[in-house]
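Architecture at a glance
Listed below are the residues making up each chain.
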2 protein chains.
Amino acid sequence: MGSAADKPFHHGNLRAVLLDRAHEVIRSGGVDALSLRELARDAGVSHAAPRRHFRDRHALVNALAERGFELMTRRMSDAATAHPDHRDRFRALAEVFVDFAATEPALLDLMFTKTVDPPPSLTEAVRRFYEVSRRVVLDGHEAGVRPLADPERTQMLLIATLQGIATLVGTGRITSEEAGVLIDDTTTLFVGPADDR
Amino acid sequence: MGSAADKPFHHGNLRAVLLDRAHEVIRSGGVDALSLRELARDAGVSHAAPRRHFRDRHALVNALAERGFELMTRRMSDAATAHPDHRDRFRALAEVFVDFAATEPALLDLMFTKTVDPPPSLTEAVRRFYEVSRRVVLDGHEAGVRPLADPERTQMLLIATLQGIATLVGTGRITSEEAGVLIDDTTTLFVGPADDR
DNA sequence: ACCTGAACACCGTTCAAGT
DNA sequence: ACCTGAACACCGTTCAAGT
């Protein structure tokens, strides 16, 4: 009696409620399972209420993509600060990407699909996301790890490679174990052969 | 008078008609623009007629993905046979991938998204697609081009990298020109530095 | 501001029936 | 075999109206 779920009104946090629920829905049923009307029903509001917070379906999808980039950026930052050694740091970054693909395949898919009317906040989130790997690659370059002459290009190629591996995992074409092997190889190519002391 | 479009019946080629039209639709409007009912209207048949050829929407999408893989496999094979030199061949292969992303972004997206109930024919098309790059990498390995010890792993990483670059192009995050630069870098990493004679 | 309720124009999917 | 036409249960989106 009197639980939060009974309250028919959301005092400005309806947006967060809808977004949380949308995240759950795509996690268990993919993007196709997403329905604005169902989200509204789950939140206990009329089907027209979400329109105050998301102009249309694209806006909701963009908001989810933004959340995805923020999530991954945070995990990558944490991984980067946790490992002082460049090689370890590089590997940790790659592992975050692949783990994300394995646990959030639908969200990853959203993040790397053509966006319709992306809001500035999404563009900013994407920029911050790129910035983490950029920092790591530039630091490596400073320390003499230079697989290519231009570190900016190295970083772009690295992002492409990691996204490619992640997609193979997310679509189920390779297993997480096989992805681990590919991360080893990526590290070999971008950082150099491991010391087998 | 008496043009093919007037005929209300398709003698077994309705499937091909629907698929061609579906390809056009996603090329100009993305996957979201795809509607079975609209496809049926365009073909001049009832909205229930497509069901004979595609059990549901997923079946149509899978058929499109299959067509995409066949298209790309053919272009890659042509590119591979056109260039005897390994480096040229490698580059041509990468260029096919990126060109495909630029001209068929929606189709590429379908091909690298989690499939629902993929038919054996799609699985086979994917296998044949991988086989082309596998052949090229194995030939290179034979000839002494060995960026990694295991050519099978080299091939998988190459596919991931090319798909990653293609996705960046398809989503509009980099231009085709920037992709060309990344192909240069990919070639450097996988084949070695170019002779600057 | 924020939400409701009715309305509009679509969907995918199913199924008995036609030829 | 292949297709039709009606029916069902949904959608996204819009908009006047309520508090």
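Let's shift gears to the protein's contact with DNA strand D. A:Leu36, A:Arg37, A:Arg51, B:Ser46 and B:His47 are the nearest of the 20 residues found near DNA strand D. Taking the atoms of DNA strand D that fall within 4 Å of the protein, sugar and phosphate contribute 52% of them. The backbone of A:Leu36 places a nitrogen or oxygen atom 2.8 Å from a phosphate oxygen of DNA strand D. A:Arg37 is positioned with one of its side-chain polar atoms (N or O) 2.6 Å from a base nitrogen of DNA strand D. Of the residues forming the surface near DNA strand D, the biggest block, three residues, is contributed by helix H2 (residues 36-43) of chain A.

At the interface, 34 residues of chain B touch 34 residues of chain A. Its largest share of buried area at the contact with chain A, chain B owes to B:Leu157, B:Arg173 and B:Leu189, together 22% of the area lost on that side. Taken together, the links from chain B to chain A amount to two salt bridges. In this structure, the connection of chain B to chain A is made through four residue pairs in polar contact (both at pLDDT 80 or more). Of all the secondary structure elements, the ones that give two or more residues to the side of chain B that touches chain A are helix H3 (57-82), helix H5 (105-111), helix H6 (120-142), helix H7 (151-170) and helix H8 (176-191) of chain B. With 11 residues, H7(B) is the single largest residue contributor to the side of chain B that touches chain A. Among the residues forming the side of chain B that touches chain A, the class breakdown is 17 nonpolar, 10 polar and seven charged.

Okay, the relation of the copies chain B and chain A next. Structural alignment of chain B on chain A gives an RMSD of 0.0 Å, achieved by rotating through 180° and translating 0.0 Å along the axis. Taken together, these values place the two copies in the relation of a two-fold axis. In this assembly the copies share their binding face: 100% of the residues contributing to the interface of chain B also contribute to that of chain A.

What follows concerns unusual backbone geometry. Residues and elements named next belong to chain A. Within the chain, Asp 117 stands out as a residue other than glycine whose phi angle is a positive 50°. Here Asp 117 is to be found in the loop between helix H5 (105-111) and helix H6 (120-142). On the accessibility criterion, Asp 117 (63% relative accessible area) is exposed.

This part is about the packing of aromatic side chains. If you walk through the whole model with that rule in mind, you get 12 aromatic pairs over all chains. Members of the aromatic cluster, connected to one another through ring pairs, are A:Phe69, A:Phe97, A:Phe112, A:Phe129 and A:Tyr130.

Moving on: the environment of B:Pro119. Residue and element names in this part refer to chain B. The residue Pro 119 is located in the loop between H5 and H6 in this model. Overall, the relative accessible area of 28% leaves Pro 119 in the partly exposed class. For the pair Pro 119 and Ala 59, spaced 60 residues apart in sequence, the C-alpha to C-alpha distance is 8.3 Å. When sequence neighbours within four positions are dropped, the list of residues in contact with Pro 119 reads Asn 62 and Glu 66.

On to the side chain of B:Thr73. Residue and element names in this part refer to chain B. Mapped onto the secondary structure, Thr 73 falls in helix H3. Judged by relative accessible area, which is 13%, Thr 73 ranks as buried. Of the polar contacts made by the side chain of Thr 73, one reaches the backbone oxygen of Phe 69; its length is 2.7 Å.

Residue and element names in this part refer to chain A. Taken domain by domain, chain A holds domain 1 (4-52) and domain 2 (57-196). Here the C-alpha centroids of domain 1 and domain 2 sit 30 Å apart. Area buried by domain 1 at its contact with domain 2 is led by Leu 19, His 23 and Val 31, which between them contribute 43% of it. Counting every contact that joins domain 1 to domain 2 gives two salt bridges. We note a salt bridge from Arg 67 to Asp 20, for which the minimum N-O separation is 2.7 Å. For the pair domain 1 and domain 2, the interface holds six residue pairs in polar contact (both at pLDDT 80 or more). Secondary structure elements with two or more residues in the side of domain 1 that touches domain 2: helix H1 (14-29) and H2. Of the residues forming the side of domain 1 that touches domain 2, the biggest block, seven residues, is contributed by H1. A breakdown of the residues in the side of domain 1 that touches domain 2 according to their chemical character gives seven nonpolar, two polar and four charged.

Attention now moves to the packing of helix H3 (residues 57-82) of chain A against H6(A). Residues and elements named next belong to chain A. Axis separation between H3 and H6 bottoms out at 9 Å; the angle between their running directions is 20°. Considering the angle they form, H3 stands roughly parallel to H6. For the element pair H3 and H6, the recorded crossing hand is left-handed. Each of Asn 62, Ala 65, Glu 66, Phe 69, Glu 70, Met 72, Thr 73, Met 76, Ser 77 and Ala 80 in H3 lies in contact with H6, whose residues at this interface are Ser 121, Leu 122, Ala 125, Val 126, Arg 128, Phe 129, Val 132 and Val 136.

Take the protein's contact with DNA strand C next. The environment of DNA strand C is formed by 20 residues, the closest being A:Ser46, A:His47, B:Leu36, B:Arg37 and B:Arg51. In this structure, A:Arg52 approaches DNA strand C through a side-chain N or O atom, which is 3.1 Å from a base nitrogen. In this structure, a phosphate oxygen belonging to DNA strand C sits 3.3 Å away from a side-chain N or O atom of A:His53. Element by element, the count of residues in the surface near DNA strand C is highest for helix H2 (residues 36-43) of chain B, at three residues.

Here we come to helix H8 (residues 176-191) of chain A. Helix length check: H8(A) (16 residues) gives 22 Å between terminal C-alpha atoms against 22 Å at 1.5 Å per residue, within 8%. Along H8(A), the residues classified as buried are A:Ala179, A:Leu182, A:Ile183, A:Asp185, A:Thr186, A:Thr187, A:Leu189, A:Phe190 and A:Val191. Looking at the buried positions of H8(A), the neighbouring elements they touch are helix H4 (86-103) and helix H7 (151-170) of chain A together with H7 and H8 of chain B.

Conventions we followed
- Here the residue numbers are simple positions, counted from 1 along each chain's written sequence.
- Throughout, the order in which chains and ligands are written sets their labels, letters from A for the former and numbers from 1 for the latter.
- Given that this is a predicted model, residues contribute local features only at a pLDDT of at least 70 and side-chain atom pairs are listed and counted only at 80 or more, while totals for whole chains, interfaces and linings are drawn from all residues.
- To obtain the side-chain values, all non-hydrogen atoms of the structure were included, while hydrogens and water were left out.
- Near residues are defined by distance, with any heavy atom within 4 Å of the molecule or strand qualifying the residue.
- Any N or O atom pair separated by 3.5 Å or less is treated as a polar contact, with the protein-specific requirement of one donor-capable and one acceptor-capable atom, and with residues adjacent in sequence counted only for side-chain atom pairs.
- Segments assigned H or I by DSSP are reported as helices when at least four residues long, segments assigned E as strands when at least two residues long, and all are numbered from the N terminus.
- Residues count as neighbours in contact if any of their non-hydrogen atoms are within 4.5 Å of one another.
- Joining two parts hides part of their accessible area as seen by a 1.4 Å probe, and the buried area is that hidden amount summed over both.
- Any Lys or Arg side-chain nitrogen found within 4 Å of a carboxyl oxygen on Asp or Glu counts as a salt bridge.
- In this count, Pro and Cys sit with the nonpolar residues alongside Ala, Val, Leu, Ile, Met, Phe, Trp and Tyr, while Asp, Glu, Lys and Arg are called charged and the others, Gly among them, polar.
- Our superposition of the copies is a least-squares fit, built on the C-alpha atoms of residues whose pLDDT is at least 70 in both.
- Residue exposure (1.4 Å probe, protein chains only): buried if accessible area is under 20% of the type maximum, exposed if over 50%, otherwise partly exposed.
- Stacked, tilted and edge-to-face pairs are distinguished by plane angle, under 30 degrees for stacked and over 60 for edge-to-face with tilted covering the rest, among Phe, Tyr and Trp rings (Trp via its six-membered ring) whose centres lie within 6.5 Å.
- Note that the domain bounds were set by an automatic or database domain assignment.
- Whenever a helix is involved, its axis is fitted only over the stretch in contact; in every case the axis is a line through C-alpha atoms, and angles between N-to-C directions fall within 0 to 180 degrees.
- Note on terminology: angles under 35 degrees are roughly parallel, angles over 145 are roughly antiparallel, angles of 65 to 115 are roughly perpendicular, and the others are oblique.
- Handedness of each helix crossing follows the sense of rotation of the near helix against the far helix: counterclockwise by less than a right angle gives left-handed, clockwise gives right-handed.
- Any helix carries an expected span of 1.5 Å times its number of residues minus one.

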